Amino acid sequence: MGGEIGAQISHAEVRGAGARVEVHHLRLAQIVYSGVRVWLWRLVGWSSTVRLMNFAFSEEQDQLREFVRSFLEEKSSEDDVREQMETDQGYDEAVWNQMAEQMGLQALAIPEEYGGQGFGFIEQVVVLEEMGRALLCAPYFSSCVLAANTLLHSGDEDAKNAHLPGIASGETRATLAFTEESGRWDEGGITMQATPGDGGWTLDGVKSYVLDGATANLLLVAARSDAGVSLFAVQPDAEGLTRTALSTMDTTRKQAKLEFSGVPGTLIGTDGGAWDVLSTVLDLAAVALAAEQVGGAQMCLDMSVEYAKVRVQFGRPIGSFQAIKHKCADMLLEVESAKSAAYYAGWCANEMNDELPQVASLAKSYCSEAYFHASAENIQIHGGIGFTWEHPAHLYFKRAKSSELLFGDPTYHRELLAQRIGI
């Protein structure tokens, strides 16, 4: 009835619409029921009745994937990526507008009452996977994942009504300013000071590594008041704000340093009540990034296999040599495992269930390593040409490395996972 990867299953019984599973280790368990293959992350000695899910995407989701892939093959080719990564803005505004007006991608996962299309996180996963495959240069992740989810989970209806329609239409390019010079992604890393006054709140401090921070026209800033971590909306032309583009290894995703000196901000949500919101947003961002990493890893695998079939050495394709076969087989295993982790995490994000914090860290840690390994092996399989600037392999390698560090590296997420499950 079932099997496992690296796990000991004490018993697995299917009862009605759910499955009761007990495992002795933190591993990926597999159940097959009525022809449906289900992958489940489960914890040590923990039994639970869970909803069976089919990881085969629906016909509509497959059509969405085909639609987005076709668009990105035309608008985010290698030449387009190279062109945009050299610009200060970092994206093509015409393509951004086309994504919003003709395809509605910015509005995809925003509820209809705020001007969106009302789809769920699974559709977002599909889109992000394709964007990762194409190395799309656009502020989609910062605006439609980070900022949109921050507003959606803030509990502040005024802020939602004020900003979400603009994000959905593409007119507002928002971002979340979280990390500071320490590079920490936990609550203790937020030291920027928020001070109340007669004229409202003012912010003082520095934010670093802010995605698309130099071009965003709405900044959502995490700062610390006397009551605790709070969230503020800041306009990009606010007095006392200095924005500096950072020189980074991965130029396909722009980052910036933001310096605040008495900058006015508008409180979002409650004073001191933002950490629970931000913790959820970081989990959702980790899942979204895992999906993007899966797309990039799959592209590296496809590039490697195609080159191994056409590159001839010693009178035969290099793919016929056992060493290359081993590399491709290892990449395939890791990419497919990464898909299982990312898709299950996407389902948890869509349901917003209690497993999200655990599976977000699992997916982020595994997908980060799978993508980085696939991008490195892609260079090795291509040999000398893979090391050149003219070949796109280095673009995926740099994106893989920067994504590995974004929102915390694999070591950080494993430690976070251990804390969350009480190990």
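Since the structure is predicted, the reported quantities are computational estimates derived from the model, not experimental observations.

About the cut-offs
Residues numbered from 1 in each chain as written. Predicted model: local features only at pLDDT ≥ 70, side-chain atom pairs only at ≥ 80, totals over all residues. Heavy atoms only, no water. Helix = DSSP H or I, 4+ residues; strand = E, 2+ residues; numbered from the N terminus. Buried < 20%, exposed > 50% of the residue type's maximum accessible area, 1.4 Å probe, protein only. Contact = heavy atoms within 4.5 Å. Areas by Shrake-Rupley, 256 points an atom, 1.4 Å probe, with all protein chains shown as cover. Expected span 1.5 Å × (residues − 1). Bend = angle between axes of the 7 residues up to and from the residue. Polar contact = N/O pair within 3.5 Å; in protein donor to acceptor, adjacent residues only side chain to side chain. Axes fitted to C-alpha atoms, helices over the stretch in contact; angles between N-to-C directions. Parallel < 35°, antiparallel > 145°, perpendicular 65-115°, else oblique. Left-handed = near helix turned anticlockwise from the far one by under 90°. Nonpolar A, V, L, I, M, F, W, Y, C, P; charged D, E, K, R; others polar. pLDDT = per-residue confidence, 0-100. Core = buried A, V, L, I, M, F, W, Y, C linked by side-chain atoms within 4.5 Å. Salt bridge = Lys/Arg side-chain N within 4 Å of Asp/Glu carboxyl O. Pairing = 2+ DSSP bridges.

S.K.: Explain the overall build of the protein chain here, please?
M.R.: Looking only at helices and strands, the protein chain features 11 helices and 15 strands. Counting all 423 residues of the protein chain, 54% fall into the buried class. Contacts spanning at least 24 positions in sequence make up 69% of the contacts within the protein chain whose residues lie at least 6 apart. Per element, the accessible surface of the protein chain, about 18000 Å² overall, is 49% carbon and sulfur.

S.K.: When you look at helix α6 (residues 157-169) in this model, what are you seeing that I'm missing?
M.R.: Note that an α-helix has 3.6 residues per turn; residues three or four places apart therefore point the same way. An ideal rise of 1.5 Å per residue puts 18 Å on 13 residues; α6 measures up with 18 Å between its terminal C-alpha atoms. Along α6, the sharpest change in direction is near 30° and occurs at H163; proline P165 comes one to four residues later. Regarding α6, the residues found buried are A159, K160, H163, L164, G166, I167 and A168. Buried residues belonging to α6 abut α5 (140-152), β7 (174-177), β10 (218-225), β11 (228-234) and β13 (255-268). With a side-chain oxygen lying 3.1 Å from the backbone nitrogen of D158, the N-terminal cap of α6 falls on D156. Just downstream of α6, G170 is the residue with a positive phi angle, here 90°.

S.K.: Where do I start with the packing of helix α9 (residues 356-382) against helix α11 (residues 410-421) in this structure?
M.R.: The description of two helices packed together rests on the angle between their axes and the distance between the axes. Running from N to C, α9 and α11 point in directions that differ by 160°, and their axes come no closer than 9 Å. As judged from the angle between their axes, α9 and α11 are roughly antiparallel. Classified by chirality, the crossing of α11 by α9 is left-handed. On α11, the residues touching P357, Q358, S361, L362, K364, S365, S368 and E369 of α9 are P410, H413, R414, L416, L417, R420 and I421. Across the contact of α9 with α11, the residue classes break down as 6 nonpolar, 5 polar and 4 charged.

S.K.: Looking at this model, I keep getting lost on the confidence of the model for the protein chain. Mind explaining?
M.R.: The predicted coordinates should not be examined in detail at positions where pLDDT is low. Per-chain confidence: the protein chain averages 88 in pLDDT, with 87% of residues scoring 70 or above. Ranking the helices and strands of the protein chain by mean pLDDT puts β7 first, with 98, and strand β2 (residues 9-15) last, with 34. Across residues 1-50, confidence stays below pLDDT 50; counting only partners more than four residues off in sequence or on other chains, it has 117 contacts.

S.K.: How do you make sense of the side chain of H394 when you look at a structure like this?
M.R.: Turning to its location among the elements, H394 is positioned in helix α10 (residues 393-405). Of the residues examined, H394 reaches a relative accessible area of 9% and is grouped as buried. When residues no more than four places from it in sequence are discounted, the contact partners of H394 are R82, T388 and W389.

S.K.: Could you clarify how one ought to interpret the nonpolar core in this entry?
M.R.: One finds Y140, F141 and L278 to be the most contacted residues of the largest nonpolar core, which totals 81 residues. For this core, the element with the highest residue contribution is helix α7 (residues 275-310), accounting for 14 residues. Filtering out sequence-adjacent residues up to four positions away, Y140 remains in contact with W96, M99, L105, Q106, L108, Q124, V127, L128, M131 and V145. Of all hydrophobic cores here, the second largest spans 21 residues; its members include C137, A297, I381 and Y396.

S.K.: How should I be thinking about unusual backbone geometry in this particular structure?
M.R.: Residues other than glycine predominantly adopt negative phi, and peptide bonds predominantly adopt the trans conformation. In this structure, L135 is a non-glycine residue whose phi angle is positive, near 55°. Examined against the element boundaries, L135 turns out to sit in the loop between α4 (121-134) and α5. You will see that F314, though not glycine, has its phi angle at about 55°, which is positive. Topologically, F314 is positioned in the loop between β14 (312-313) and β15 (316-317).

S.K.: Just checking my understanding: could you explain the pattern of salt bridges for this structure?
M.R.: Inspection of the entire model under this criterion finds 19 salt bridges. A salt bridge links K75 to E74, with the nearest nitrogen and oxygen atoms 3.8 Å apart. Residue K75 is classed as partly exposed on the basis of its relative accessible area of 26%. Taking the shortest distance from any N to any O, the salt bridge between D283 and R420 comes out at 3.1 Å.

S.K.: Just checking my understanding: could you explain the pairing of β7 for this structure?
M.R.: For a regular strand, the rule is simple: side chains alternate between the two faces of the sheet. On β7, burial covers both faces: A174 and L176 on one face and T175 and A177 on the other are all buried. With 4 bridges joining them, β7 and β10 adopt parallel strand pairing. Within β10, the residue paired with T175 across the bridge is L219.

S.K.: Quick question: what am I supposed to make of the packing of helix α1 (residues 59-75) against helix α3 (residues 93-103) here?
M.R.: The geometry of α1 relative to α3 is characterised by a closest axis approach of 12 Å and an angle of 155° between their N-to-C directions. The orientation of α1 with respect to α3, classified from their angle, is roughly antiparallel. Viewed along their axes, α1 and α3 form a crossing whose handedness is right-handed. Along its contact with α1, which presents F67, V68, F71 and K75, the element α3 presents V95, Q98, M99 and M103. Its residues placed into classes, the contact of α1 with α3 shows 6 nonpolar, 1 polar and 1 charged.

S.K.: It is not clear to me how the pairing of strand β8 (residues 193-197) should be interpreted in this structure. Could you clarify?
M.R.: In this structure, β8 lies alongside strand β9 (residues 200-211), joined through 5 bridges in antiparallel fashion. The partner of T195 across the bridge, within β9, is T202. Taken together, β8 and the strand that follows it, β9, pair antiparallel across an intervening segment of 2 residues.

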